[in-house]
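Chains, contacts and geometry: an overview
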Amino acid sequence: MSSESHGSYRSYIIGFVLSVILTAIPFWVVMSGVDISLAWAIAIIFGLGAIQIMVHVHYFLHVTVKAEQGWQVMSMVFTAVLLVIVLAGSIWVMTHLDENMMPAHEQIERVRNLP
């Protein structure tokens, strides 16, 4: 293995600092009670989460478009596709939770009282 495939101490520190910042911002948005809409809060959380995944791939896994004659480009594309699938699936599940959750107490009592 060449030394180019491993990150420098500086790149690990940059990746760590970016990861902390990209974690702290959504945490602050949720915990501080900042006055923004739910849609904006979700957009911030998912957007910064997606950026954080790319930071991890670049700074910690050292996947770049320059290395290894570009074969890692496929890794980046695969990461992006998985990211879209996970984000879209998570949003879909969260938006449909109301329909798929257990019925309310009143609905259960109504069913029990049927002849």
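This write-up is about the structure you can find in this document. Starting from 1, residues in each chain are numbered consecutively following that chain's sequence as written. Whole-chain, interface and lining totals are the exception, using all residues; otherwise, since this is a predicted model, local features are given only for residues with pLDDT of at least 70 and side-chain atom pairs are given and counted only at 80 or more. Each side-chain value is worked out from all heavy atoms of the structure, with water and hydrogens disregarded.

Only the stretch in contact is used when a helix axis is fitted, and all axes are lines through C-alpha atoms; the angle between N-to-C directions ranges over 0 to 180 degrees. Helix numbering and strand numbering both begin at the N terminus, where a helix is a DSSP run of H or I of at least 4 residues and a strand a DSSP run of E of at least 2. The geometry of helix H1 (residues 9-31) relative to helix H2 (residues 38-60) is characterised by a closest axis approach of 10 Å and an angle of 170° between their N-to-C directions. On the basis of the axis angle, H1 is roughly antiparallel to H2. Both H1 and H2 take part in a crossing whose hand is left-handed. Residues were grouped as follows: Ala, Val, Leu, Ile, Met, Phe, Trp, Tyr, Cys and Pro as nonpolar; Asp, Glu, Lys and Arg as charged; and all remaining residues, including Gly, as polar. The residue inventory of the contact of H1 with H2, partitioned by class, reads 17 nonpolar, six polar and no charged. These descriptions rest on fixed angle ranges, namely under 35 degrees for roughly parallel, over 145 for roughly antiparallel, 65 to 115 for roughly perpendicular, and the rest for oblique. Should the near helix be turned anticlockwise from the far one by less than a right angle, the crossing is left-handed, and should it be turned clockwise, the crossing is right-handed.

Moving on to H2. For a helix, the expected span equals 1.5 Å multiplied by the number of residues minus one. The first and last C-alpha atoms of H2 sit 32 Å apart over 23 residues, in line with the 33 Å expected at 1.5 Å per residue. Per-residue accessibility, obtained with a 1.4 Å probe over protein chains only, is compared with the maximum for each type, and a residue is labelled buried under 20%, exposed over 50%, and partly exposed between these values. Turning to H2, its buried residues number three or more, namely Ala41, Phe46, Leu48, Ala50, Gln52, Val55 and Val57. Check the buried side of H2 and you find it contacts H1 and helix H3 (71-95). Looking one or two residues beyond H2, the residue adopting positive phi is histidine 62, at roughly 60°. Any two residues whose heavy atoms approach within 4.5 Å at even a single point are treated as in contact.

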